[in-house]
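A look at the structure
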Amino acid sequence: MVSWWNRKRAAQLAAAWLASRNPKNASGERLQLDDVSPELDVYLGQAAYLQLSMYETMGRAGATAPTLSGRLVTGVLATTALERHRTIVAEIERIGQDPAELMAPHREAIDRFLERTSGADWYESMLTGYVTAGILNDLFDSLLRSLPIDVRQRLRTVFDAREEAAVVEELTAHIEDDPRVGSRLAMWGRRLVGDTLLVARSALASHAREDQSRLEPVWTELIAAHSRRMDALGLTA
């Protein structure tokens, strides 16, 4: 069950998202995250479990794809998430930690998040994989800048956007075939933002999670990229 606090917090974060879209709030400087980044083991544990969960979610969604091409693209999302998970797990093992132990504290919250954002059908599930993975991969990629340089070098390409072009091509084709799909996905995309920002917030250092002066530039940068992704589909963020 989704708690009252989570619903309220998601709404607050969605409101912050809307405010961040105001050009007056935008910053031309690249976001600095040193003072909001979590400790290395927290970062790796959460990132690893998110990717594992995304792999499992996309794997299930593939069975409901309306076309063979859709099933193939869903497989791209799943296998990319699994590749990322394996790379992060290798880093956890490199620092002498147990992957399961580092992932365990994040399991409950991420499982709830994925349950809320699973989507009613394949179309919504695909947009979830595109939107939520996009926002969270952007965040974890940004947080890399504050990690030890050797870790940063080994993980420098793990959160790239290698799968996005295939998703855009597939979903755009469906939207062009049936504009009603586009209208529904635009609404679903807006619903995803608050819940995704809750997870993004939990990835930051605990001392920074309630400091809006620190968090506003985080949301601004993440949502700017999110808006570009929605634009690529011809949808309004």
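See the structure shown above.
By convention here, each chain's residues receive numbers from 1 onward along its written sequence. Only residues with pLDDT of at least 70 get local features here, since the model is predicted, and only at 80 or more are side-chain atom pairs given and counted; chain-wide, interface and lining totals rely on the full set of residues. Each side-chain value is derived from all of the structure's non-hydrogen atoms; neither hydrogens nor water enter the calculation.

**What about the overall build of the protein chain?**
Selection rule: Numbered from the N terminus, helices here are DSSP runs of H or I no shorter than four residues, and strands are runs of E no shorter than two. Buried means the residue's accessible area, taken with a 1.4 Å probe over protein chains only, is under 20% of the maximum for its type, while exposed means over 50%, and partly exposed covers the values in between. The contact criterion used throughout is that any non-hydrogen atoms of two residues lie within 4.5 Å. Only the protein chains shown count as cover for residues, and all accessible areas are computed by the Shrake-Rupley method using a 1.4 Å probe.
When its secondary structure is counted, the protein chain shows 10 helices and 0 strands. If you list the helices and strands of the protein chain from N to C, you get α-α-α-α-α-α-α-α-α-α. For the protein chain, with 237 residues in total, the buried portion stands at 50%. When contacts within the protein chain are restricted to residue pairs at least 6 apart in sequence, those whose partners lie at least 24 apart make up 83%. For the protein chain, the exposed surface amounts to about 11,600 Å²; the carbon and sulfur share of it is 51%.

**Things to note about the nonpolar core**
Rule in force here: Think of a nonpolar core as a cluster: buried Ala, Val, Leu, Ile, Met, Phe, Trp, Tyr and Cys residues, connected wherever their side-chain atoms sit within 4.5 Å.
Counting 64 residues, the largest nonpolar core has Tyr43 and Leu127 as the members making the most contacts within it. Contributing elements (two or more residues each) for this core: helix 2 (40-62), helix 3 (68-94), helix 4 (99-103), helix 5 (107-116), helix 6 (122-143), helix 8 (164-177), helix 9 (179-202) and helix 10 (212-232). Of the residues forming this core, the biggest block, 12 residues, is contributed by helix 6.

**Description of helix 8**
The following threshold applies: A helix is expected to span 1.5 Å multiplied by its residue count minus one.
Between its first and last C-alpha atoms helix 8 spans 20 Å; for 14 residues at 1.5 Å apiece the expected length is 20 Å, and the two agree. Buried within helix 8 are the following residues: Glu164, Val167, Val168, Glu170, Leu171, Thr172, His174 and Ile175.

**Some points on the packing of helix 2 against helix 6**
Worth spelling out the cut-off: Interaxial angles span 0 to 180 degrees and are taken between N-to-C directions of axes, which are lines fitted to C-alpha atoms, for helices over the stretch in contact. Oblique is the label for every angle not falling under 35 degrees (roughly parallel), over 145 degrees (roughly antiparallel), or within 65 to 115 degrees (roughly perpendicular). Working rule for handedness: look at the near helix, and if it is turned counterclockwise from the far one by less than a right angle, call the crossing left-handed; if clockwise, right-handed.
Orientation of helix 2 relative to helix 6, taken along the N-to-C sense of each, is 165°, at an axis distance of 11 Å. Regarding the angle of helix 2 to helix 6, the classification is roughly antiparallel. At the point where helix 2 passes helix 6, the crossing takes the left-handed sense. Within the contact between the two elements, helix 2 uses Tyr43, Gln46, Ala47, Leu50, Gln51, Met54, Met58 and Ala61 and helix 6 uses Trp122, Ser125, Gly129, Thr132, Ala133, Leu136, Asn137, Phe140 and Leu143.

**With respect to the packing of aromatic side chains**
For any pair of aromatic rings, geometry is given as the distance between the ring centres together with the angle between the planes. Quick note on the threshold: For this analysis, a ring pair means two rings from Phe, Tyr or Trp (six-membered ring only for Trp) whose centres lie within 6.5 Å, classed as stacked if their planes differ by under 30 degrees, edge-to-face if by over 60, and tilted for the remaining angles.
Using the criterion set out here, one finds 3 aromatic pairs in the structure. Three or more aromatic residues link up through ring pairs in this structure, and these residues are Tyr43, Phe140 and Phe159.

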